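A look at the structure
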Amino acid sequence: MKIIGTGSAHPRLTITNDMLAAFLDTNDEWITTRTGIKQRQIISDERLKDLAIDAAKQAIKKGGIDVHDIDYIICSNVVNEYVTPSLSCIIHDGIDANCPCVDINAACSGFLYGLQIAHSFQRAGVARNILIVCAEEPTRMVDWKDRSTCVLFGDAAGAVLITEGDCMKSMRVTNMSKTDVLYEERKLEPTPYLRRNEDNVPLQMKGQEVFKTAVKASVKDIAHVVEEAGLQIDDIDHFLLHQANLRIIEAVSHLLKQDMSKFPHNVELYGNTSSASIPVLLNEMNMRGELKDGDKIVLSAFGAGFTTGACVIEWHSNQK
Ligand code: ACO
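Residues numbered from 1 in each chain as written. Predicted model: local features only at pLDDT ≥ 70, side-chain atom pairs only at ≥ 80, totals over all residues. Heavy atoms only, no water.

Some thoughts on the site of the ligand
Near the ligand you find 23 residues, and of these T26, C108, Q208, N245 and N272 are the closest. A distance of 2.9 Å is found between a nitrogen atom of the ligand and a backbone nitrogen or oxygen belonging to R147. One of the side-chain nitrogen or oxygen atoms of Q208 is found 2.6 Å away from an oxygen atom of the ligand. Relative to its unbound accessible area of 1000 Å², the ligand is 74% covered by the protein chains. (Near = heavy atom within 4 Å. Polar contact = N/O pair within 3.5 Å; in protein donor to acceptor, adjacent residues only side chain to side chain. Areas by Shrake-Rupley, 256 points an atom, 1.4 Å probe, with all protein chains shown as cover.)

What follows is the structure, encoded as structure tokens:
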């Protein structure tokens, strides 16, 4: 497994904390202190599929391969306006690909789950060049009157193109039975036979439990994958964590005894963009030339389920 192309796309509309305070009982000081978030980009007149296609095209262009040489498309998505076809089918159409494609939903850990599936496909000889697109609009999941959730999220798409190589040094994904700490329910079409009442329940979150579970799980996952890669924590050059909350990132940095300079972050600009957050950050670092050949990178995420995942990759790019 080797990442040869990255891409990302954001909606045009930027919403600052002060803009939220205009209609919510909140303020910039509370949001910044508790989360590190200063602003987020939110879908208004765009459609998520177009952000996903944009990010995908960037990754393919940088990877320098013909779109018809892509063997598989994996799309990580929690919710979007299409129930069917899958978002990966829509991306396939938008980039004019010719390969199988599938959506996965592992919440905010979706990029890690996608990487594991792609890596396994490569090892099984199923596919060589795989496009992973993480496209999320969590701002459509929250109740915009609930100040404890709606201030946290932003919308985005991030993509990577991978080919064969030996850059995946170790990988682990997990799931623990904590389905009640973070969930959303939606009402389906009624039938003449349905014998229960259904309702739409916007995103519900036990914030402090999510916080503690995320920190504990990330530290455990990271220690595990670093050891499995035959490395020491000090050998890692960059820790790219799911961008949910700056305080979570700081807590993990503290517990691993690693300087915050090794933990790049952009949560202050975009909020929590679910599974898109890591590929977006990876693309930004790649574009700024902050990733050098041979760099050891930890990717680590957590999300509803409660899913978690981490891996160690070595950066070797032949991006055009
Ligand atoms: N503005 C002002 N006050 C607020 C706001 C707000 N936006 N939101 C909540 N409050 C109030 C609460 O009502 C509460 O008031 P009270 O004491 O009068 O009842 C007070 O602030 C404290 O609320 P807490 O929930 O205890 O605040 P906490 O310090 O735990 O911070 C937060 C809340 C930021 C949500 C924190 O728990 C957190 O970051 N948790 C992790 C969240 C997360 O990462 N979620 C996503 C992970 S998975 C995924 O990515 C989908």
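A closer look at the nonpolar core
Formed by 41 residues in total, the largest nonpolar core has its most connected members in I222, V226, F239, V252 and L256. Of all the elements in the fold, those that place two or more residues in this core are α7 (207–228), β11 (238–241), α8 (246–255), β12 (296–303) and β13 (305–314). Residue contributions to this core peak at seven residues, all from α7. Apart from the residues within four sequence positions on either side, V252 is in contact with V215, S218, V219, I222, L241 and F263. In this structure, I162, V280, A301 and I313 belong to the second largest nonpolar core, which totals 36 residues. (Core = buried A, V, L, I, M, F, W, Y, C linked by side-chain atoms within 4.5 Å. Buried < 20%, exposed > 50% of the residue type's maximum accessible area, 1.4 Å probe, protein only. Helix = DSSP H or I, 4+ residues; strand = E, 2+ residues; numbered from the N terminus. Contact = heavy atoms within 4.5 Å.)

Focus: the pairing of strand β7 (residues 156–163)
Of all eight residues that make up β7, eight are buried, and the element is covered over most of its length. Alternating positions in β7 separate into two faces, A156, G158, V160 and I162 on one and A157, A159, L161 and T163 on the other, with burial throughout. Bridge count between strand β6 (residues 130–136) and β7: seven bridges; the pairing is antiparallel. Bridge pairing links L131 to L161 in β7. (Pairing = 2+ DSSP bridges.)

Observations regarding unusual backbone geometry
Leave glycine aside and you will find that most residues have negative phi; peptide bonds, for their part, are mostly trans. Cis rather than trans, the peptide bond between T84 and P85 has omega equal to 5°. Checked against the element boundaries, P85 lands in the loop between β4 (72–76) and α4 (87–95). Residue F306 follows G305 across a cis peptide bond; omega there is 10°. When you line up the elements, F306 lands in strand β13. Residue D96 is not a glycine yet carries a positive backbone phi of 60°. Tracing the sequence through the fold places D96 in the loop between α4 and β5 (101–104). Assessed through its relative accessible area of 51%, D96 is described here as exposed.

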